[in-house]
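Here is what each chain is made of, one letter per residue.
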Amino acid sequence: MEKERSKTSVLIVDDSSIIRLFLEQLFLSEGCDVVTAETGEEAVENFKKRVFDAAFIDIRLPGMNGLETYREMLKINPKTKAIMMTAYADEIVEEAVKLGAACCLSKPFGIDEVLKEFNKLKK
Amino acid sequence: MKKKGLPILFRILLPFLGILLLITVILGFVFYGYNRGFIIKAVNEFVSHELENTLFYFDGNYKVVINTNLNFFQESYPLNDFISAEEIEKPIRRAAAEKRFISLSKINKNILSTRFIDFSGIEQIVISGSRRIRTYQSMKNIPSGDIFYQNAAGLFKRLRVMPPGTIFFEGPFKDSEGRTTFLAGICKEEPEVGGFGGAVIIHYDLTDFINYLSQLRILDRSVAWLLSPTNDVLLRPVSEENSPNPVPYISAKKSPPDFHFYSAECKLGTDKAKLFTVIFSISPKIFSSEMYPLVLQTFIIFLPAFIITSFVAFLIAKNISAPIINMARTVTSIGKGDFTVKVNTDAGEIGTLADGINKMSEDLKKFSDEIISDKDYAENITKSMADVLIVTDASGEIKTVNPATLNLLEYNKEELLGQSTEIIFAEEGELLFKGIRAEKLLKEGPVENYIMTLRAKNGENIPVSFSGSVMKNSAGGIIGFVCISRDIREMLKLHQSEKELIAEKVRVESLKESKKTIEEQNRELDVALENLKSTQEELIASEKMSSLGFLAGGVAHELNNPLTGILGFTQLLLKQTDETGPQYQNLKYIETSVLQCKKIIGELLMYSGNGKFEFGPVNINKTIESAVCLVKHIVQTGKIEIIKQFSDDLPIASGSRNQLELVFANLIRNAADAMTDGGKLTITTKSIKMSFVEISFTDTSAGMSEEDIKKIFDPFFTTKPTGKGTGLGLSISLGIIKAHRGDIKVVSEVNKGSTFTIILPV
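Residues numbered from 1 in each chain as written. Chains lettered and ligands numbered in written order. Predicted model: local features only at pLDDT ≥ 70, side-chain atom pairs only at ≥ 80, totals over all residues.

Next up on the list: the sheet that holds strand S5 (residues 180-189) of chain B. Residue and element names in this part refer to chain B. What the six strands build is an open sheet, ordered S3-S2-S1-S6-S5-S4; its pairing is antiparallel. Only two strands of the sheet have a single neighbouring strand rather than two, namely strand S3 (131-132) and strand S4 (167-174). Relative to strand S6 (residues 196-205), S5 runs antiparallel, the two being bridged by nine bridges. In the sheet register, Ala184 faces S6, and the bridge partner there is Ile202. Packing against the sheet, helix H3 (residues 90-107) makes contact with strand S1 (111-117), strand S2 (123-128) and S3, and its axis sits at approximately 35 degrees to S2. (Pairing = 2+ DSSP bridges. Helix = DSSP H or I, 4+ residues; strand = E, 2+ residues; numbered from the N terminus. Contact = placed C-beta atoms within 7 Å. Axes fitted to C-alpha atoms, helices over the stretch in contact; angles between N-to-C directions.)

Shown next, in the form of structure tokens:
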């Protein structure tokens, strides 16, 4: 349990499998506990089961979108830290930031950008 | 309408008659005066003649006789013998002398008595008729009251101191028997010793003469007066009415005022003493009655003369006035429109006048026909006009309307004529003659195709296209306004949006009437209409851009996920690969390519605006300012000096602020990139006729070759080092500007610099 606690847990929500795979590998290589979800609904189900240190949420998702997903997550755990991801400079990103999201990653992004934001979040 | 005045016949006739009357009266007076004078002269002469006759009668019957008688005694021997006889001889001598005296008395019937008075004043011989009277009455002691002896004594007294032969008279006086008598005496010389020898005195009776006078008739009337030297009336006419009493005038030595008198004095004796005065006193009535036939005669002569000449004058006047009256009748007929009447031409001036009238009549007929046909033609035009025609006078009162007006506004002709245009101009601001519109018409000439509203009788407002102009007479004075309006309801139904615009225009106009002139508003509204049209076009264009942006966005989004995968996994591999290993460099190439893709997609997304194009008012100067801010961190501000030359009165452009900002930022960045060693970038804005905005970006770069200039707008063409530029900036900028219906032009010279000029419609 202690070992598990010491590990940083990350939830990745994206409908793109390649993004999920990339981020999963990246954070696994960083030694994190990674859970992925394809939809917002799935992510919320996962969120109810356990606590995550950080969530990477794509804005555009089939069904519930990223912002709604983040809102649901906040209802379950108000201290949830999230990094939004988008292929656009969407307005709802700003809304998410208002709700408490750390920042927004514009696709395409590289390892450096992800880790930079992630490290900011951990502090 | 006929003016009051005399007909021409009377105008000629009356002066004629006046002159005739005057001449007749003058001639009458001259005739009368001449004849009167002639009559008076004749009367005077007649009366004088009668007077002379009277004196002649006296001379014949008395004067000559008296002298003869007295001289008879002067030379009488028997009397001389008696005077110088001794006392003793006296009775004999007396008898002889008495015979002489008697014989004389018998000859002359006017002798009443004859006597001789001796030097001592005692009657010696007295014969009365044929009787001898021997009373020997003394002159010194006469019986009192005896008028005869008083006169005889007086006469004797006067004679006694006179030389012999002196003849004196005494009287006339009325004797004891009432007869008018007088005495004549002669002074007798003493035949032997000389000296006064006594006096012979004869008593004469004047009755004969008086009878003669009283029977005398002048102008059939008794007018003779006989006056004694002391102005006692010895004889007066039968009636003083016919012969006024002249005595008061004679004693006062005055001329009589209103009657005539003719007088003659009878003088006798050595001292030429006045014995009596004969006067014919004639009353003016007698003269007047004498003149009466003359007056009658004058009338009888001149009245018919006047009547005849008047008639002649009437004929002459009628003859003179006939052609004029004829002409007047003709002119009256012409006035009533009958041009067929002709004046009979004549010689002379009247003939010329008549010709003139005939010519005038023909001309009038010609002109009248022309006018009627012109009027019909003009009426046909107005009737046939589909548009509303309203003609007013200078005060705005309606004078003419055509059937189209009545049809459109549903008024009767009588309801509109004479009315103010107020009743058909719908809005207060539209009043042609109250507001500034009439002034505008006067000052700036005709108004054309002005959109306004007319009000029909039923209250319906009818939008019309209005044209108006001022109607002037030849002198330049305003006589009215001609207004033509076209019903544009049908047109408006076809162009609904235009109708709204026009309604809006009408409304805005009426609100701003007082502030701005109509032209400005018209122009502004026209511009607004144009803008709206262009906005529509812009919207269509922006729709296109939007779709394109949307597509680009979608493509970018779809590409972003795989690119993230490529980049991510490449970097993961790089982390796990030895930098000196053979695969490391290859992986780096992949990473570089992916980053280039990322950049292209980034720009695509940026310029596509994520598919969002919102047109609105854009302040170009402010947009440039924010574009400069946007690229401030990119531009090496230390090296590049940006000079802004902005126009102050730049019109507000319509477009997408974000897109334009990107275009400006792109041009600034390009200029900065072209001036790696620093330089000046001059940004200039100016308005072109308030309908275009020109924005110039002039740099001091090395410039471009003509070949490069041809290609710079091609997509993916870039002069920048590989990896720095995508070649999309200018291409997409041109697309954005074209979407704004503007243009970008480039002027560049090698080693001098380049100028990018953007033209945007307002």
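If you check helix H17 (residues 657-674) of chain B, its first and last C-alpha atoms are 25 Å apart, about what 18 residues at 1.5 Å a residue would give, namely 26 Å. Among the 18 residues that make up H17(B), 15 are buried, leaving the element largely enclosed by the rest of the structure. (Expected span 1.5 Å × (residues − 1). Buried ≥ 20, exposed ≤ 12 C-beta atoms within 10 Å, placed from the backbone.)

A separate point is the interface of chain B and chain A. Listed by partner, the interface residues are 18 residues for chain B and 14 residues for chain A. Those elements that place two or more of their residues in the side of chain B that touches chain A are helix H14 (518-576) and helix H15 (584-608) of chain B. The leading source of residues in the side of chain B that touches chain A is H14(B), at 14 residues.

For soluble globular proteins, nonpolar side chains are generally found buried alongside one another. By size, the foremost hydrophobic cluster in this structure holds 55 residues, and its most contacted members are B:Phe156, B:Ala184, B:Ile201 and B:Tyr204. Looking at which element gives the most residues to this core, the answer is strand S10 (residues 273-282) of chain B, with six residues. Beyond its immediate chain neighbours, meaning those up to four positions away, B:Phe156 contacts B:Ile117, B:Gly121, B:Met139, B:Ala199 and B:Ile201. Formed by 38 residues, the second largest nonpolar core is a distinct cluster that contains A:Ala87, B:Leu604, B:Val618 and B:Ile737. (Core = buried A, V, L, I, M, F, W, Y, C linked by C-beta atoms within 7 Å.)

With that settled, the discussion passes to the confidence of the model for chain A. Residues and elements named next belong to chain A. Of the residues in chain A, 90% have a pLDDT of 70 or more, and the chain-wide mean is 84. Here helix H1 (residues 2-6) is the element of chain A with the lowest mean pLDDT, 48, and strand S2 (residues 33-37) is the one with the highest, 93. Segment residues 1-5 is flagged for pLDDT under 50; beyond a separation of four residues in sequence, or across chains, it makes zero contacts in the model. (pLDDT = per-residue confidence, 0-100.)

With that settled, consider the sheet that holds strand S9 (residues 260-268) of chain B. Residue and element names in this part refer to chain B. Strand order in the open sheet formed by four strands is S8-S7-S10-S9, with antiparallel pairing between adjacent strands. Only two strands of the sheet have a single partner each, and these edge strands are strand S8 (233-235) and S9. Strand-to-strand twist of the sheet, defined as the mean angle between neighbouring strand axes without regard to direction, takes the value 30 degrees. Most of the contacts of helix H1 (residues 8-74) go to S9, to which it runs at about 20 degrees, and overall it touches S9 and S10.

Residues and elements named next belong to chain B. At Ser321, helix H7 (residues 284-335) shows its largest bend, some 40 degrees, and a proline, Pro323, comes one to four positions later. Every buried residue belonging to H7 is among Ile286, Thr298, Ala317 and Ile334, and all of these are buried. If you follow the buried residues of H7, they end up packed against H1, S10 and helix H8 (348-384). Gly337 sits one or two positions beyond H7 and adopts a positive phi of about 100 degrees. (Bend = angle between axes of the 7 residues up to and from the residue.)

Let us look at the pairing of S9(B). Residues and elements named next belong to chain B. Across nine bridges, S9 lies against S10 in antiparallel orientation. Among the inter-strand pairings, Cys266 is bridged to a residue of S10, identified as Phe276. Counted along the chain from S9 to the antiparallel partner S10, the turn is four residues long, and its residue Gly269 has a positive phi close to 85 degrees.

Before going further, it helps to examine unusual backbone geometry. Residues and elements named next belong to chain B. Even without a glycine there, the phi angle at Arg741 is positive, about 65 degrees. Position of Arg741 relative to the elements: it lies in the loop between helix H19 (729-739) and strand S21 (743-749). When the 15 C-beta atoms within 10 Å are taken as the criterion, Arg741 is described as partly exposed. For Asn751, which is not glycine, the phi dihedral falls at a positive 70 degrees. Note that Asn751 resides in the loop between S21 and strand S22 (753-761). Given 8 C-beta atoms within a 10 Å radius, Asn751 is considered exposed.

With that out of the way, let us pick up the packing of helix H16 (residues 620-630) of chain B against H17(B). Helix packing geometry: the angle between the two helix axes and the distance between the axes. Residues and elements named next belong to chain B. It is the contact of H16 with H17, at a shortest axis distance of 8 Å, that shows an interaxial angle of 55 degrees. Relative to H17, the element H16 lies oblique. Taken as a pair, H16 and H17 cross one another with a handedness that is right-handed. Contact residues: H16 offers Thr623, Ile624, Ser626, Ala627, Val628 and Leu630, while H17 offers Arg657, Leu660, Glu661, Phe664, Ala665 and Ile668. Here the contact of H16 with H17 is composed, by residue class, of eight nonpolar, two polar and two charged. (Parallel < 35°, antiparallel > 145°, perpendicular 65-115°, else oblique. Left-handed = near helix turned anticlockwise from the far one by under 90°. Nonpolar A, V, L, I, M, F, W, Y, C, P; charged D, E, K, R; others polar.)

Time to look at the packing of H1(B) against H7(B). Residue and element names in this part refer to chain B. Relative orientation of the contacting elements H1 and H7 amounts to 160 degrees, with a least axis distance of 8 Å. Here H7 runs roughly antiparallel to H1, going by the angle between their axes. Considering only the axes of H1 and H7, their crossing is right-handed. Tallied by class, residues from the contact of H1 with H7 come to 25 nonpolar, seven polar and three charged.

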